[in-house]
Amino acid sequence: MLGILVSFPSFLAAQSIEGDWYGKADIDGIILRLTIHVKATDDGYSSTWDSPDQNAFGIASTTTTFRYPDFSFTHAGAGFKYTGQVNSSYSEIAGFLEQAGRKLE
């Protein structure tokens with residue numbers, strides 16, 4: 001379903017991981033736009049994501065973790081995990097996606 005997520009430039013410039021992050025996934029040469037919506041919770045963070053090119057919206061992540069600079073989220077149903085690092089200005093998260101144990105580059 002998903003390939004590599006190179007970065008998520010955010011429209012928010014605040015020093016927070018919270019907000020909407022935009023990126024693209026390259027799945028065997030097919031580029032899909034993605035949006036990740038990150039929110040703080042009493043227990044840490046939660047996220048949902050959209051894949052507008054697949055007409056899929058509000059998909060809940062199984063896990064979402066952030067401890068500066070490390071950010072990750074998973075979706076057990078799709079068998080993927082995104083792992084990245086936010087830059088010091090909180091304007092980009094650069095990382096990679098693994099699906100079914102395969103690092104997609």
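Here, the structure is the one placed above.
Residues numbered from 1 in each chain as written. Predicted model: local features only at pLDDT ≥ 70, side-chain atom pairs only at ≥ 80, totals over all residues. Heavy atoms only, no water.

**Q** Explain the environment of A100 to me, please; I cannot follow it from the model alone.
**A** Summarising the element assignment, A100 is placed in the loop between β9 (93–99) and β10 (102–104). For A100, a relative accessible area of 72% puts it in the exposed group. Along the backbone, A100 and F80 are 20 residues apart, and their C-alpha atoms lie at a distance of 6.3 Å. (Helix = DSSP H or I, 4+ residues; strand = E, 2+ residues; numbered from the N terminus. Buried < 20%, exposed > 50% of the residue type's maximum accessible area, 1.4 Å probe, protein only.)

**Q** Whenever I open this one, the pairing of strand β2 (residues 19–27) confuses me. Can you help?
**A** Note on strand geometry: in a regular strand, side chains alternate between the two faces of the sheet. Looking at chain direction, β2 and strand β3 (residues 30–41) are connected through 9 bridges and run antiparallel. Of the residues in β3, the one forming a bridge with G23 is L34. From the end of β2 to the start of β3, which pair antiparallel, there are 2 residues, and D28 there has a positive phi angle of about 50°. (Pairing = 2+ DSSP bridges.)

**Q** Explanation requested: the pattern of salt bridges in the structure shown.
**A** Any two side chains of opposite charge can pair if their charged atoms end up close together. The full count for this structure, using the stated rule, is 1 salt bridge. R33 is paired through a salt bridge with D53; the nearest N and O atoms lie 2.7 Å apart. With R33 in strand β3 and D53 in the loop between β4 (44–51) and β5 (56–60), the pair connects residues that are 20 residues apart, well separated along the chain. On the accessibility criterion, R33 (43% relative accessible area) is partly exposed. In this structure D53 comes out as partly exposed when scored by relative accessible area, which is 38%. (Salt bridge = Lys/Arg side-chain N within 4 Å of Asp/Glu carboxyl O.)

**Q** How do you make sense of unusual backbone geometry when you look at a structure like this?
**A** Residues apart from glycine generally show negative phi values, whereas peptide bonds are mostly found in trans. With omega at 5°, the peptide bond leading from Y68 into P69 counts as cis. Locating P69 in the fold gives a position in the loop between β6 (63–67) and β7 (70–75). With a phi close to 55°, N55 is a non-glycine residue in the positive phi region. Positionally, N55 belongs in the loop between β4 and β5. Take N55: its relative accessible area is 63%, and that puts it in the exposed class. At Y90, a residue that is not glycine, the phi angle is positive and equals roughly 55°. Note on placement: Y90 falls in the loop between β8 (80–86) and β9. Classification of Y90 as buried rests on a relative accessible area of 10%.

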